[in-house]
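Residue-level listing of the chains:
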Amino acid sequence: MSDDGLSRRQYLTTVGGSAVALSVAGCMGDGGSGGGQTITAGTAPGFPPFEMKEGGELVGFDIDLLEAVVGQSDYELSGWEEFEFDSLIPALTNDNIDVIAAGMTINEKRDETIDFTDPYYSSDQAIVVRSDGDFSPSELADLADRPIGAQSGTTGEGVVQDELVGDEISESQYNSYGNYVLAIEDLQNGNIDAVVIDVPVARTFAANRPVEVAFVYETGEQFGFGVRTDADELTSSLNDGLATVRENGTYEDLTAEWFGE
Ligand code: ARG
């Protein structure tokens, strides 16, 4: 679809604003087998191409992938709810949602509170700057005394807090945002000089806005779907579904569609 790219670009240049929990009409197909349990998914849009709003509609790789995976199971997806990223784990543990699909990195800290499915995507962190070329850092030390941004509760924020704050930059030079669209807009506006963000998302912003990846900081992250610790049956169904979509070509089709890989 040729206008798909255009609408994605328009989204990337116009949408900001903080996420409000919003129920998206569930129209996920009727699952075929019937009798399955209904589950609700949660995500945090503003993270292209994993999840974003296009003309009011929630779209992206995570949306398509989770729907395909659940389509392989006896579960039925009733719909999607939107949150800011740092509210997703509380929403899951409070039973507001049953699964998180949000480009969420599997890590030990989160694993203390929730479980994850098998990994479905790999990432490192990118340091994104304006593409005017005035500031071209090539390592973290080059970010010294610069205002830096990341999304609240993310592993990108973790890199800033662990590797930069208190050393290269002061606490007040770190700027935390409710979503990465706002961080990238502040970078474009010159309010901050770099954003630390997952590589595939950085590349998507760089393809659509006057920003570029200055360098990659290797973190070796892997994304998984988040599930409650007591939901072993759902977790194993999702893992079986992931294996099936990898085998039957759906996973490859979706990466081609959303990442051009
Ligand atoms: N992978 C990073 C993390 O897990 C960033 C995820 C942000 N996701 C989003 N939908 N905004 O912390």
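Structure's up top.
Definitions and limits used
- Residues numbered from 1 in each chain as written.
- Predicted model: local features only at pLDDT ≥ 70, side-chain atom pairs only at ≥ 80, totals over all residues.
- Heavy atoms only, no water.
- Helix = DSSP H or I, 4+ residues; strand = E, 2+ residues; numbered from the N terminus.
- Buried < 20%, exposed > 50% of the residue type's maximum accessible area, 1.4 Å probe, protein only.
- Contact = heavy atoms within 4.5 Å.
- Core = buried A, V, L, I, M, F, W, Y, C linked by side-chain atoms within 4.5 Å.
- Near = heavy atom within 4 Å.
- Polar contact = N/O pair within 3.5 Å; in protein donor to acceptor, adjacent residues only side chain to side chain.
- Areas by Shrake-Rupley, 256 points an atom, 1.4 Å probe, with all protein chains shown as cover.
- 1 Å grid on protein atoms, 1.4 Å probe; cavity = no way out; pocket = protein on both sides within 12 Å on 5 of 7 lines; lining within 4 Å.
- Sits in = over half its atoms within 2 Å of the grid points.
- Points joined across faces, edges and corners; volume = space filled by probe spheres on them.
- Nonpolar A, V, L, I, M, F, W, Y, C, P; charged D, E, K, R; others polar.
- Axes fitted to C-alpha atoms, helices over the stretch in contact; angles between N-to-C directions.
- Parallel < 35°, antiparallel > 145°, perpendicular 65-115°, else oblique.
- Left-handed = near helix turned anticlockwise from the far one by under 90°.

Caption draft 1: Fine view of the overall build of the protein chain. When helices and strands are tallied, the protein chain shows nine helices and 13 strands. The buried share of the protein chain, taken over its 261 residues, is 51%. Within the protein chain, contacts between residues separated by at least 24 positions form 76% of all contacts whose residues are at least 6 apart in sequence.

Caption draft 2: View of the nonpolar core. In this structure, Phe61, Leu65, Leu66, Val128, Val195 and Phe225 are the most contacted members of the largest nonpolar core, which totals 65 residues. The element best represented in this core is helix 2 (residues 61-71), accounting for seven residues. In this structure, Phe83, Leu88, Met104 and Phe116 belong to the second largest nonpolar core, which totals 13 residues.

Caption draft 3: Representation of the environment of Ile114 within the structure. Note that Ile114 resides in the loop between helix 4 (108-111) and strand 7 (115-116). Overall, the relative accessible area of 0% leaves Ile114 in the buried class. Residues Ile114 and Gly226, 112 residues apart in the sequence, show an inter-C-alpha distance of 6.6 Å. Residues in contact with Ile114, not counting those within four places in the same chain, are Ile89, Leu92, Thr93, Ile100, Met104, Gly226, Val227 and Thr229.

Caption draft 4: Summary view of the site of the ligand. Gly103, Thr105, Arg110, Thr155 and Asp198 are the nearest of the 14 residues found near the ligand. Here Ala44 contributes a backbone N or O atom positioned 2.8 Å from a nitrogen atom of the ligand. Contacts to the ligand include Ala102, whose backbone N or O atom sits 2.8 Å from a nitrogen atom. Out of a free accessible area of 350 Å², the ligand has 100% covered by protein chains. Counting atoms within 2 Å of the grid points, the majority share of the ligand lands in the largest cavity.

Caption draft 5: Representation of the layout of surface pockets within the structure. Of the volumes computed, that of the largest pocket is approximately 430 Å³. Asn107, Lys109, Arg110, Gly153 and Thr154 are, among the 19 residues lining the largest pocket, the residues nearest its centre. When contributions to the lining of the largest pocket are tallied by element, the ones reaching two or more residues are helix 3 (88-93), helix 4, helix 5 (155-164) and strand 12 (211-223). Of the residues contributing to the lining of the largest pocket, the split by class is six nonpolar, seven polar and six charged.

Caption draft 6: How the structure looks around empty space enclosed by the protein. Per the stated rule, a full pass over the model turns up two cavities of 30 Å³ or more. Roughly 100 Å³ of volume is contained in the largest cavity. In this structure, the largest cavity is lined by 13 residues; those nearest its centre are Phe47, Phe85, Ala102, Gly103 and Thr154.

Caption draft 7: Examining the packing of helix 2 against helix 9 (residues 250-259) more closely. Two elements in contact, helix 2 and helix 9, have axes whose closest approach is 10 Å; the angle formed by their N-to-C orientations is 165°. Put simply, helix 2 runs roughly antiparallel to helix 9. Crossing of helix 2 against helix 9: the hand is right-handed. Judged by residue contacts, Phe61, Asp64, Leu65 and Ala68 of helix 2 engage Thr250, Tyr251, Leu254, Thr255, Glu257, Trp258 and Phe259 from helix 9. Residue classes in the contact of helix 2 with helix 9 are distributed as seven nonpolar, two polar and two charged.

Caption draft 8: Spatial organisation of unusual backbone geometry. Between Pro48 and the following residue, Pro49, the backbone shows a cis peptide bond with an omega angle of 5°. When you line up the elements, Pro49 lands in the loop between strand 2 (38-43) and strand 3 (52-54). In this structure, Asp95 takes a positive phi of about 70° despite not being glycine. Summarising the element assignment, Asp95 is placed in the loop between helix 3 and strand 6 (99-100). The backbone of Asp145 shows a phi angle near 60°, a positive value even though the residue is not glycine. Asp145 gets classed as exposed once you look at its relative accessible area, which sits at 58%.

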